[in-house]
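# Overview (structure and organization)
As a plain string of letters, each chain reads:
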Amino acid sequence: MKRKSFFAMAIILVIALLSACGTGDEGSGDNQNADSGNGDQKEKLIIGTDAAFAPFEYLDKGKIVGFDVDFIDAVMAEAGYDYEIKNVGWDPLFPSVENGDVDFGLSAISITDERLETYDFSVPYFESRLLIMVPEGSDVQSATDLEGLLVGVQNGTTGQVAIEKVLGENNPNIKKYETTAVAIMAMKNGDVDAVVTDNTVAEEYVKNNPNDNFVTIGDPENFVPEYYGLMFKKGSELKAELDEAITKVLDSGKYEEIYQEWFGYEPDVEVLKEAAQQ
Ligand code: ARG
């Protein structure tokens, strides 16, 4: 009797193990959306970023985090895509999007006429404006006051373009850095007198680093509103799909929730909607 029930138990165990293996295999196949060949599964998207632009995308204990990261997570959930964010860096991000190494760029990228010549952009998801960051006590009150001073910018950003318009394109006083974080470090070290970057980045830095004694200066005449968008290769079919998902995230209250979490105040969603019409 004892022996019999032992065998019965063993058989049940073997069956249980075999069926567990079966579901396990299916499970991992499902996770590999890209090559599962499963018709209703979407491919896994590769998203490129430059994770040195807090609070939008930055590294925290080796993990890419930030407003953009939470925002895209909501958009991808809405659109039903699995995804991976790759920290490719700012300058390499542009060719990576163009040659299809990544499916799109997510990097607080301002939609500009110049970029629209080469890339497609999603509907706007964030309003931004450039600011000047200077050490407290500096005489700088506008962009024109930067004449004769050393100005740090992240290479290839709207900050570089805007300050070149004021100080001249090949002005040797404009110092171009690989990341905005390094440009800010340069000011901390006294290598540059000012940094021109996106308002939210400058304001967050000033707030979180009170001992650096930096302040921000606006210049509405020289710095016009900018809007961030996802950057696609021209003609990408993803644009229409993700525009729809972004609009849903903007309309559902999810955007507001994420925005509140990061910035502590309400976003102006209407401004984004208006910008989308332009
Ligand atoms: N918004 C600015 C631009 O598009 C700066 C973006 C920099 N983003 C970054 N992740 N480094 O030029």
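My aim in this report is to walk through the structure given alongside it, one point at a time.

Definitions and cut-offs
Each chain carries its own residue numbering, running from 1 in the written order of its sequence. With the structure being a predicted model, the display of local features is reserved for residues of pLDDT at least 70 and the display and counting of side-chain atom pairs for 80 or more, all residues being used for whole-chain, interface and lining totals. By convention in this description, side-chain values take in all heavy atoms of the structure and omit both hydrogens and water. Only DSSP runs of H or I with at least four residues qualify as helices, and only runs of E with at least two residues qualify as strands; both kinds are numbered from the N terminus onward. Under the scheme applied here, a residue whose accessible area is under 20% of the maximum for its type counts as buried, over 50% as exposed, and between as partly exposed, the area being computed with a 1.4 Å probe on protein chains only. All accessible-area figures derive from a Shrake-Rupley calculation using a 1.4 Å probe, and residue coverage is judged against the displayed protein chains alone. At least two DSSP bridges between two strands are needed for those strands to be called paired. Classification remark: right-handed applies to a crossover when, strands pointing away from the viewer, the course from the first strand over the helix to the second runs clockwise. Expected span, for any helix, means 1.5 Å times one less than how many residues it has. Contacts: residue pairs with any heavy atoms within 4.5 Å of one another. By nonpolar core is meant a set of buried Ala, Val, Leu, Ile, Met, Phe, Trp, Tyr and Cys residues that side-chain atoms within 4.5 Å join together. We call a residue near a molecule or strand whenever a single non-hydrogen atom of that residue lies within 4 Å of it. In protein, a polar contact means a hydrogen-donor-capable atom and an acceptor-capable atom, both N or O and within 3.5 Å, with residues adjacent in sequence counting only if both atoms are side-chain atoms; elsewhere, any N or O pair within 3.5 Å suffices. Residue polarity is assigned by list, with Asp, Glu, Lys and Arg as charged and Ala, Val, Leu, Ile, Met, Phe, Trp, Tyr, Cys and Pro as nonpolar; anything else, Gly included, falls into the polar class.

### Digging into the overall build of the protein
The number of helices and strands found in the protein is ten helices and 15 strands. Per-residue burial for the protein yields a buried fraction of 43% across its 278 residues. Split by element, the accessible area of the protein, about 14800 Å² in all, is 50% carbon and sulfur.

### Considering unusual backbone geometry
Note that the residue after alanine 54, namely proline 55, is joined by a cis bond; omega there is 10°. Tracing the backbone through its elements, the reader meets proline 55 in the loop between β2 (52-53) and β3 (57-60). Despite not being glycine, alanine 108 shows a phi value in the positive range, around 50°.

### Structural notes on the pairing of strand β10 (residues 151-154)
Of the two faces of β10, both are covered, the one formed by Val151 and Val153 as well as the one formed by Gly152 and Gln154. Relative to strand β11 (residues 174-177), β10 runs parallel, the two being bridged by four bridges. Bridge pairing links glutamine 154 to tyrosine 177 in β11. Between the parallel elements β10 and β11, the chain passes through helix α5 (residues 158-167) in a crossover that is right-handed. As defined by bridge partners, β10 adjoins strand β12 (residues 194-198) across two bridges and the pair is classed as parallel. Each bridged residue has a counterpart across the sheet, and for glycine 152 the counterpart in β12 is valine 195.

### Considerations on helix α8 (residues 238-252)
In this model α8 runs 21 Å from its N-terminal to its C-terminal C-alpha over 15 residues, within 8% of the 21 Å that 1.5 Å per residue would give. Listed in full, the buried residues belonging to α8 are Leu238, Leu242, Asp243, Ala245, Ile246, Val249 and Leu250. On its buried side, α8 packs onto β1 (45-49), α2 (67-79), β6 (104-105), β15 (231-233), α9 (254-263) and α10 (269-277). Glycine 253, located one to two residues past α8, shows a positive phi value of around 95°.

### Brief notes about the nonpolar core
Within the largest apolar cluster, 41 residues are counted, with the highest numbers of intra-cluster contacts made by Phe67, Phe104 and Tyr255. Elements that contribute at least two residues to this core include exactly β1, α2, β14 (226-228), α8, α9 and α10. Per element, the largest residue contribution to this core is eight residues, and it comes from α2. Here phenylalanine 67 is in contact with Pro55, Phe56, Tyr125, Phe126, Tyr255, Ile258, Tyr259, Trp262 and Phe263, once residues within four sequence places are set aside. By size, the runner-up hydrophobic cluster in this structure holds 16 residues, among which are Ile132, Val151, Ala162 and Phe223.

### Observations regarding the site of the ligand
Neighbouring the ligand are 14 residues, the closest being Asp50, Ser107, Ala108, Arg115 and Asp198. Aspartate 50 is positioned with one of its side-chain polar atoms (N or O) 2.6 Å from a nitrogen atom of the ligand. Alanine 108 has a polar backbone atom sitting 2.8 Å from a nitrogen atom of the ligand. When isolated, the ligand has an accessible area of 350 Å², and the protein chains bury 100% of it. The residue makeup of the shell around the ligand, split by class, is five nonpolar, five polar and four charged.

### Some words on the environment of tyrosine 83
Position of tyrosine 83 among the secondary structure elements: in strand β5 (residues 83-87). Here the alpha-carbon distance between tyrosine 83 and glutamate 43, two residues 40 residues apart in the chain, equals 8.5 Å. Excluding residues that lie within four positions of it along the chain, tyrosine 83 makes contacts with Lys44, Leu45, Ile47, Ile72, Asp73 and Met76. A polar contact is formed between the side chain of tyrosine 83 and the side chain of aspartate 73, at a distance of 2.5 Å.

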